[in-house]
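Remarks on the overall topology
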Amino acid sequence: MADLTPTPDRPGLHVSKPSPNVSATGSAVCHCGASATATGDSQVRALVEGYTANHGAAHDRTGR
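Position numbers for residues count from 1 along each chain, tracking the sequence in the order it is written. A pLDDT threshold of at least 70 governs which residues receive local features in this predicted model, and a stricter bar of 80 or more applies before side-chain atom pairs are shown or counted, although totals over entire chains, interfaces and linings include all residues. In computing side-chain properties, one takes all heavy atoms of the structure into account and sets aside hydrogens as well as water.

Here we come to the overall build of the protein. Counting its secondary structure elements, the protein contains 1 helix and 3 strands. Helix and strand definitions here come from DSSP, where helices need a minimum of 4 consecutive H or I residues and strands a minimum of 2 consecutive E residues; each element is numbered from the N-terminal end. Starting at the N terminus and ending at the C terminus, the protein contains elements arranged as β-β-β-α. When contacts within the protein are restricted to residue pairs at least 6 apart in sequence, those whose partners lie at least 24 apart make up 21%. Note on areas: Shrake-Rupley with a 1.4 Å probe; residue coverage comes only from the protein chains shown. Carbon and sulfur atoms make up 53% of the accessible area of the protein, which totals about 4,400 Å². We call two residues in contact whenever any of their non-hydrogen atoms come within 4.5 Å of each other.

If you want it as structure tokens, here you go:
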């Protein structure tokens, strides 16, 4: 399987929760240079909400 972890060259959001008994993990890298990681279901949920509201498609590629 390919490594789906986002990098500055391949920005994006990656979330993993292999089973209901395992805590979720997440990582995000934006083309503006911002990056973050989270562990635990509620922290990963906050990471996803923050990334979708403030990064990725939420702003243009100039970082505004």
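Once you've had a look at it, read on.
Moving on: the sheet that holds strand β1 (residues 12-16). Across a sheet, paired strands are connected by hydrogen bonds in the backbone, their directions being either parallel or antiparallel. When DSSP finds two or more bridges between a pair of strands, those strands are recorded as paired. An order of β1-β2-β3 is seen for the 3 strands of this open sheet, with the pairing classed as antiparallel. What marks the edges here is a single partner per strand, and that holds for β1 and β3 (35-39). Across the sheet, the mean angle from the axis of one strand to that of its neighbour is 5 degrees, orientation sign disregarded. Where β1 and strand β2 (residues 25-29) come together, 5 bridges link them in antiparallel fashion. In the strand pairing of β2, H14 is matched with S27. Seen against the sheet, helix α1 (residues 41-54) touches β1, β2 and β3 and runs at an angle of roughly 20 degrees to β2. Interaxial angle, 0 to 180 degrees, is taken between N-to-C directions of lines fitted to C-alpha atoms, where a helix line uses only the stretch in contact.

Next up on the list: the side chain of S27. Mapping S27 onto the fold places it in strand β2. When neighbours within four sequence positions are excluded, S27 is seen to be in contact with T5, P6, G12, L13, H14, A36, T37 and L47.

Let us look at the nonpolar core. The nonpolar core is taken to be a set of buried Ala, Val, Leu, Ile, Met, Phe, Trp, Tyr and Cys residues, with the residues joined through side-chain atoms within 4.5 Å. Per-residue accessibility, obtained with a 1.4 Å probe over protein chains only, is compared with the maximum for each type, and a residue is labelled buried under 20%, exposed over 50%, and partly exposed between these values. Membership of the largest hydrophobic core is limited to 7 residues, which are A24, A28, C30, A38, V44, L47 and Y51. It is α1 that provides the largest number of residues to this core, a total of 3 residues.

Turning to the pattern of salt bridges, a few remarks are in order. We define a salt bridge as a contact between a side-chain nitrogen of Lys or Arg and a carboxyl oxygen of Asp or Glu at a distance within 4 Å. Enumeration according to the criterion identifies 1 salt bridge in this entry. With its nearest N and O atoms 3.1 Å apart, the salt bridge here joins D41 to K17. Here the residue D41 occupies a position in helix α1, and K17 occupies one in the loop between β1 and β2, the gap between them amounting to 24 residues. With a relative accessible area of 36%, D41 lands in the partly exposed category. What makes K17 partly exposed here is its relative accessible area of 37%.

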